[in-house]
Amino acid sequence: FRDENIIRAQHEVMNCAKSGLPTEPVMSKALEGLAKQASEQQIVAAMATVHSRYAQSKRLAKTMSEEKQTVDTMTPIIADSLAAGMKTKDMETIAAQLKTQNQTQTKNKTDNDKLAIQTMQTTRTMARLGIRSSDVSDTLCQALKHNYNQQEMKQLRHQISKQTDRMSHQEVANQHARAIGKGGRGSGSGGS
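Structural notes, computed from the coordinates. (Residues numbered from 1 in each chain as written. Predicted model: local features only at pLDDT ≥ 70, side-chain atom pairs only at ≥ 80, totals over all residues. Heavy atoms only, no water.)

## Things to note about the overall build of the chain
(1) Moving on: Regarding its fold elements, the chain presents 9 helices and 0 strands.
(2) Moving on: Ordered by position from the N terminus, the helices and strands of the chain form the series α-α-α-α-α-α-α-α-α.
(3) Moving on: Counting the 192 residues in the chain, one finds 44% classified as buried.
(4) Moving on: As presented, the chain carries roughly 10,100 Å² of accessible surface, and 48% of it is formed by carbon and sulfur atoms. (Helix = DSSP H or I, 4+ residues; strand = E, 2+ residues; numbered from the N terminus. Buried < 20%, exposed > 50% of the residue type's maximum accessible area, 1.4 Å probe, protein only. Areas by Shrake-Rupley, 256 points an atom, 1.4 Å probe, with all protein chains shown as cover.)

Here's what the structure looks like:
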């Protein structure tokens, strides 16, 4: 590495630490780049991308919770979702729906935080399965509008994971969105 790129790489890691972001993902990206024999410019650019993704994820997590532990839990989940193909606008739509639900429901902050975490975990699972970002958002916003609680959101995630063995990921998402739209809960799409 040339000195300038070493300094740039070090700054990425230090800036993550200063921002309260985890440094491990940025360092892991550097090691991955080295293992793949990427150029030093590509490695530094990839580190910057990961840093930016985590900063964006933390900002989004803060819109869903004021609790530091919850924000710290959701930040890497959101970052994974973005890396798996979720679009920022769709993540913001889900976050806005969560916020709306939290304001209209009489739940305590702990329940709201648990629902936010489960929703983000479901988002990540669906994105990793290759379901279109807009379909993930539509499905989860439908579930939230139908007042899914954290347990039902967790059940939805597990059902989607199981069903992808039998049908395409897109069909699974569409089936769940239709079932939820008709008032389906938890296992609503498995046998409908």
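## What to know about unusual backbone geometry
(1) Moving on: A positive phi is found at Q37, a non-glycine position, where the angle reads about 55 degrees.
(2) Moving on: Looking at where Q37 falls in the secondary structure, it is placed in the loop between α2 (24-35) and α3 (40-64).
(3) Moving on: Note on Q37: relative accessible area 72%, which makes it exposed.
(4) Moving on: Even without being glycine, N147 reaches a positive phi, approximately 60 degrees.
(5) Moving on: With respect to the element layout, N147 can be found in the loop between α7 (133-145) and α8 (150-163).

## Quick word on the layout of surface pockets
(1) Moving on: Volume-wise, the largest pocket comes out at about 300 Å³.
(2) Moving on: Around the largest pocket sit 14 residues that line it, and M64, S65, E66, N102 and K109 are the ones nearest its centre.
(3) Moving on: The set of elements that each furnish at least two residues to the lining of the largest pocket consists of α3, α5 (88-104) and α6 (109-128).
(4) Moving on: Top element by residues in the lining of the largest pocket is α5. It accounts for 5 residues.
(5) Moving on: Split into classes, the residues belonging to the lining of the largest pocket amount to 3 nonpolar, 5 polar and 6 charged. (1 Å grid on protein atoms, 1.4 Å probe; cavity = no way out; pocket = protein on both sides within 12 Å on 5 of 7 lines; lining within 4 Å. Points joined across faces, edges and corners; volume = space filled by probe spheres on them. Nonpolar A, V, L, I, M, F, W, Y, C, P; charged D, E, K, R; others polar.)

## Quick word on the nonpolar core
(1) Moving on: In terms of nonpolar packing, the biggest core is built from 29 residues, with M64, M74, I78, M120 and M153 touching the most fellow members.
(2) Moving on: Of all the elements, α6 adds the most residues to this core, at 6 residues.
(3) Moving on: Apart from residues no more than four positions distant in its own chain, M120 is found in contact with M64, M74, I77, I78, S81, M91, I94 and L98.
(4) Moving on: The next biggest cluster of nonpolar side chains, apart from the first, holds 12 residues, and it includes C16, L21, M47 and V50. (Core = buried A, V, L, I, M, F, W, Y, C linked by side-chain atoms within 4.5 Å. Contact = heavy atoms within 4.5 Å.)

## Topic: the environment of A127
(1) Moving on: If you trace the backbone, A127 turns up in helix α6.
(2) Moving on: Once the C-alpha coordinates of A127 and G85 are considered, the two residues, 42 residues apart in sequence, prove to be 6.1 Å apart.
(3) Moving on: Filtering out sequence-adjacent residues up to four positions away, A127 remains in contact with S81, A84, M86 and V136.

## Structural notes on the side chain of T75
(1) Moving on: In this structure, T75 sits in helix α4 (residues 68-83).
(2) Moving on: Among the residues examined, T75 registers a relative accessible area of 4% and is labelled buried.
(3) Moving on: Side-chain polar atoms of T75 contact the backbone oxygen of V71, separated by 2.7 Å.
(4) Moving on: T75 has contacts with Y54, S57, K58 and A61, leaving out every residue within four places of it along the chain. (Polar contact = N/O pair within 3.5 Å; in protein donor to acceptor, adjacent residues only side chain to side chain.)

## Observations regarding the pattern of salt bridges
(1) Moving on: For the coordinates displayed, the defined rule picks out 9 salt bridges.
(2) Moving on: Close ionic contact of R2 with E4 constitutes a salt bridge, the shortest N to O distance being 2.9 Å.
(3) Moving on: You can call R2 partly exposed: its relative accessible area is 42%.
(4) Moving on: Notably, a salt bridge pairs K89 with D90, separated by 3.7 Å at the nearest N-O pair.
(5) Moving on: We classify K89 as exposed; its relative accessible area is 52%.
(6) Moving on: Taking relative accessible area as the criterion, D90 reaches 7% and is therefore assigned buried. (Salt bridge = Lys/Arg side-chain N within 4 Å of Asp/Glu carboxyl O.)

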